[in-house]
Amino acid sequence: QVQLVESGGGLVQAGGSLRLSCAPSGLPFRNYTMGWFRQAPGKEREFVCSISGSGGSTYYADSVKGRFTISRDNAKNTVYLQMNSLKPEDTAVYYCAVGVVTNIPLYRGVDYWGKGTLVTVSS
């Protein structure tokens, strides 16, 4: 079974940092488009960022540009989200996502979802 296992969530003070990891398993090959979405309490899921299979292209929501950095290590089949200068409004469940079709942006074509990891930013 395909599974995306997220880790790194937790409680952090405003202005602090967290690093999320996502390790897929059960995929036929590793170089898929991957990224992150998030869902705050009472709100709809929103796109956060994505990275191409090669790691050569990245995309960020305006709300996180300059603060979050997505990267991947294809040898480890793992994607990371470095979150700096965290704000209370970043509080959400963060979901790892995989898009199998490489030419479709991740925010338009998610094929697999992780179970989510909770990030709570206190003020």
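This text follows the structure it describes.
Rules and cut-offs
- Going along each chain's sequence as written, the residues are numbered from 1 onward.
- Only residues with pLDDT of 70 or above have their local features reported here, since the model is predicted, and side-chain atom pairs are shown and tallied only from 80 upward, although totals for entire chains, interfaces and linings are computed over all residues.
- Side-chain numbers come from the whole structure's heavy atoms, not from hydrogens or water.
- Helix numbering and strand numbering both begin at the N terminus, where a helix is a DSSP run of H or I of at least 4 residues and a strand a DSSP run of E of at least 2.
- Polar contact is defined as a pair of N or O atoms within 3.5 Å, subject to the rule that within protein one atom must be able to donate a hydrogen and the other to accept it, and that residues adjacent in sequence are counted only when both atoms are side-chain atoms.
- For every residue, the accessible area obtained with a 1.4 Å probe (protein chains only) is divided by the maximum for its type, and the residue is called buried under 20%, exposed over 50%, and partly exposed between those limits.
- Following DSSP output, two strands are said to pair if at least two bridges run between them.
- Each patch is built from residues that are more than 30% exposed by relative accessible area and take part in no salt bridge. Like charges join if they lie within 9 Å; nonpolar side chains (Val, Leu, Ile, Met, Phe, Trp, Tyr) join within 5 Å.
- The accessible surface values rely on the Shrake-Rupley method and a 1.4 Å probe; as for residues, cover is taken only from the protein chains in view.
- A side-chain nitrogen of Lys or Arg and a carboxyl oxygen of Asp or Glu constitute a salt bridge if their distance falls within 4 Å.
- For the purposes of this analysis, a disulfide is any pair of cysteine sulfur atoms at a distance within 2.5 Å.
- Helix axes are fitted only over the stretch in contact, all axes being lines through C-alpha atoms; the angle between N-to-C directions runs from 0 to 180 degrees.

Caption draft 1: The arrangement of the environment of Ser-54 in detail. Inspection of the secondary structure assignment puts Ser-54 in the loop between β5 (46–51) and β6 (58–60). For the pair Ser-54 and Gln-3, spaced 51 residues apart in the sequence, the C-alpha separation amounts to 21 Å. At 3.2 Å, the side chain of Ser-54 forms a polar contact with the backbone nitrogen of Gly-56.

Caption draft 2: Looking closely at the pairing of strand β9 (residues 92–99). Counting buried positions along β9 yields seven of eight residues, so the element is predominantly enclosed. Sheet topology places strand β4 (residues 33–39) next to β9; seven bridges connect them, and they run antiparallel. Bridge pairing in β9 links Gln-39 to Val-93. As paired strands, β9 and strand β11 (residues 117–122) are joined by three bridges and run antiparallel to one another. Each residue of the ladder has a partner; that of Ala-92, found in β11, is Val-119. Sheet topology places β9 next to strand β10 (residues 112–113); two bridges connect them, and they run antiparallel. Residue Val-98 lies in a different strand from β10, and its bridge partner there is Tyr-112.

Caption draft 3: Main features of a nonpolar patch on the surface. Taken together, the side chains of Val-100, Val-101, Ile-104 and Tyr-112 make up a nonpolar region of the molecular surface, amounting to roughly 280 Å² of accessible area. Within the element layout of this structure, Ile-104 appears in the loop between β9 and β10. Residue classification places Ile-104 among the partly exposed positions, given a relative accessible area of 36%.

Caption draft 4: Just the state of the cysteines, in detail. This structure, assessed with the given rule, holds one disulfide. Disulfide pairing places Cys-22 opposite Cys-96 at an S-S distance of 2.0 Å. Classification of the bridge connecting Cys-22 and Cys-96 rests on its S-S torsion, roughly -85°, and on that basis the disulfide is left-handed. Here Cys-96 lies in strand β9 and Cys-22 lies in strand β3 (residues 18–25), a separation of 74 residues in the sequence. Take Cys-22 and Cys-96: they sit in the same class, and that class is buried. Cysteine Cys-49 remains unbridged, with the sulfur of Cys-96 as its closest cysteine sulfur at 9.6 Å.

Caption draft 5: Layout of the sheet that holds strand β8 (residues 78–83). On the basis of which strands lie adjacent, the open sheet formed by four strands has the order β1-β3-β8-β7 and antiparallel pairing. Sheet topology places β1 (3–7) and β7 (68–73) at the edges, where each strand pairs with a single neighbour. Neighbour to neighbour, the strand axes of the sheet diverge by 20° on average, direction disregarded. Looking at chain direction, β7 and β8 are connected through six bridges and run antiparallel. Bridge assignment links Asp-73 to a residue of β8, and that residue is Thr-78.

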